[in-house]
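# Geometric and topological summary
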Amino acid sequence: MATKRRPLRPNLGGGSGPSPNTSGTNMNFRPGGPDISRSEARGTRPTAAPTSVREILVMGIIHLCKKIIFFNTDLKVALYLGSLFVISVIGDFVPFPKTYFARSDNLFNLYFVKVGWGWTLLFVVPFLVLSAYTITCGDHKRMLRHHFPRIVIATFFWFFWTKLFNVVETSYGRCTIKGFASKSSCLKAGHLWQGFDISGHAFILIHSSLVLIEEARPIVKWETIKEHIRNELHNRSISENTGSNPLRGLNEEQMRSLQFLYKRLTPIIRTLFIGMAALQLLWDIMLVGTMLYYHRMIEKVISGIIAILTWYFTYRFWYPTPGLLPDAPGFGSFSYQRATRDSFPLKRHSHLGANSSANTPGAGGASSSRAHTNGSSSREQQIPKFMGMPLFTNVKAASAAASVQQSEQQRRDQQASVTES
C-alpha cells in the first residue's frame, strides 16, 4: 500500500497549522528560514577561475622545466664529481676525435663559457629581484637586505676563485723555453706556459649550474600563492579567523601589494624560470665537452670540488642558518612553500564540529542520545549535512539551522508520544 512521502526537511519557520502552506511536514524542499540568509549559506571557499588552454600549456612547460632544473641536487653533485673523474681519465688516456668543439675558439666557448657568469646573472638577477619583491609584499628594503646579497656573494666567490686559479698557474709554472720568467712574456714570444692550470671552465659551469638551481627554488609551489590569496580574501570578507593560511599574518596593505605583484610579475617570473632551466641544461652539456677536451683530470677535479664546497657552504650552511643574513631563497613575509592543511586538503576541514550526528527519522529520543561523543559531557549541536558535508559554513547560520532542526525534532517526538498514548 502506498504511503505519503516523507518530507526531506521540516519547515524551519516553526509553523504547526493544518494548512499545507504552513505545515512543515508537507514541505519537500529546503526553505531558507527567517534566520538564515543566502550570504550565510555560501561554501567554505570560492571556486577557482576556469583555466585557459594557454595557461595549461604554460604550466606544462613549467612542469617540464622543474623536472630539468630540480633534478635531485645531491645526486647531481655526486654525478658532477664522478663524471669529472671518470670522463677526464678517459679523455687523458683515450684520444677522442678532434671535433669543432675541441677548439678553444669555438662559438660556445667564446660566447658562452668564457662569459658564463654573465649569462647566469642575466637570468638570475631579475628572477631573484622579482620573486623576492613579490614574497616580501613589495618591501624593497627587505628584498635588498635579505635576498640580493646572495648574488653579490656568489659573484665574489666566482671572482675570487678564478683569480686565485690564475695566480696559481702563473706562480707555479714555467715557459717551455728558458729565459722567460713570466707567463705574459712567454706567451708574447709565441711559446707555451706550463703550469698547474686549475680548470676555470669546470668551476664556472658547475658553480653557475648550482646557483641557478638554488635561486630557482622560489618557483616551487609558486602557483599556490594564488590559492592562498583567494582563500584569505574570502576568509577576511566573512571575518573568519580560523585556518592555517600562511597569509593570515599579513596586514591589509601587504595583502594588496601581494595580490597586485603576483598578478603582474608572475608571467615574467615564469619566463625567466624557463630561461634558467634552458641555461642550466646548456651548462651541463658544455661541462661534458670540458671534461673531454680541456685540462687534465686533476685540474678539473680540484675545480669541481671547490665549486661544490662553495655551494655547500653558502646554500646549505650559511643561508639556512637562522639569524644570519641573507635569507635562503623562497623565504619572505609568509611561508608558502611549507606544507599546510589549508593548501590542498585531501578532505575539507570544517569548524562546525566533526562529531555531530544526523537525526534518524522515527528513532524518537534514541537519536538525541547518540549525539554525545564518548566521554563528552556536553551535547553537541546536530549540524545539517548532505552526503557527509555540512550545509552551512557560517557559525551563526549553522547554529540557527541546528537549533531549529532540533526543536522541530523534539516537537515531532512530543506529537508522536501524544498520539501513541
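All of these numbers come straight from a predicted model, not from anything done at the bench.

## Details of helix 8 (residues 200–215)
Across its 16 residues, helix 8 extends 22 Å between first and last C-alpha, which sits within 8% of the 22 Å expected from 1.5 Å per residue. Burial within helix 8 is extensive, with 15 of its 16 residues counted as buried. A distance of 3.1 Å separates the backbone nitrogen of A202 from a side-chain oxygen at the start of helix 8, and that oxygen is part of S199.

## Examining the pattern of salt bridges
Side chains that carry opposite charge are capable of pairing whenever their charged atoms lie near each other. The final tally for this structure, using the stated rule, is 10 salt bridges. With its nearest N and O atoms 3.1 Å apart, the salt bridge here joins E55 to R270. Linking E55 in helix 1 (residues 53–69) with R270 in helix 10 (residues 252–293), this pair joins segments that are 215 residues apart in sequence.

## Things to note about the packing of helix 6 (residues 149–171) against helix 11 (residues 297–318)
Two elements in contact, helix 6 and helix 11, have axes separated by 11 Å at closest approach and are oriented at 160°. Judged on the interaxial angle alone, helix 11 and helix 6 are roughly antiparallel. Crossing handedness for the pair helix 6 and helix 11: right-handed. Only I306, T310, F313, T314, Y315 and W318 of helix 11 make contact with helix 6, whose side of the interface consists of R150, I153, F157, W161 and F165. Taken together, the residues of the contact of helix 6 with helix 11 sort by class into eight nonpolar, two polar and one charged.

## As for the nonpolar core
Judged by nonpolar contacts, the single largest core of 62 residues is most densely connected at I206, L210, W222, I225, L258, F273 and F334. Elements supplying a minimum of two residues to this core: helix 1, helix 2 (73–93), helix 4 (116–135), helix 6, helix 8, helix 9 (224–237), helix 10 and helix 11. Sequence-distant contacts of L210, that is, excluding residues within four places in its chain, are made with T73, V77, Y80, A307, I308 and W311.

About the criteria used
- Throughout, residues of each chain are indexed from 1 in the direction in which the sequence is written.
- Totals for whole chains, interfaces and linings use all residues, but because this is a predicted model, local features are given only for residues with pLDDT of at least 70 and pairs of side-chain atoms are given and counted only at 80 or more.
- The side-chain values count all of the structure's non-hydrogen atoms but skip hydrogen atoms and water molecules.
- Numbered from the N terminus, helices here are DSSP runs of H or I no shorter than four residues, and strands are runs of E no shorter than two.
- Take the number of residues in a helix, subtract one, and multiply by 1.5 Å to get its expected span.
- Accessibility here uses a 1.4 Å probe with only protein chains present; expressed as a share of the type maximum, an area under 20% marks a residue as buried, one over 50% as exposed, and anything in between as partly exposed.
- Any pair of N or O atoms that falls within 3.5 Å is considered a polar contact. Within protein, one atom must be able to donate a hydrogen and the other to accept it, and sequence-neighbouring residues count only if both atoms are side-chain atoms.
- What counts as a salt bridge is simple: a side-chain nitrogen of Lys or Arg found within 4 Å of a carboxyl oxygen of Asp or Glu.
- Interaxial angles span 0 to 180 degrees and are taken between N-to-C directions of axes, which are lines fitted to C-alpha atoms, for helices over the stretch in contact.
- Angles below 35 degrees are treated as roughly parallel, those above 145 as roughly antiparallel, those between 65 and 115 as roughly perpendicular, and all remaining angles as oblique.
- Helix crossings fall into two classes, left-handed where the near helix is turned counterclockwise from the far one by less than a right angle and right-handed where it is turned clockwise.
- Contacts are assigned to residue pairs with any non-hydrogen atoms lying within 4.5 Å of each other.
- Under the convention adopted here, Pro, Cys and the residues Ala, Val, Leu, Ile, Met, Phe, Trp and Tyr are nonpolar, Asp, Glu, Lys and Arg are charged, and Gly plus all remaining residues are polar.
- We call a set of buried residues a nonpolar core when its members are Ala, Val, Leu, Ile, Met, Phe, Trp, Tyr or Cys and they connect through side-chain atoms within 4.5 Å of each other.

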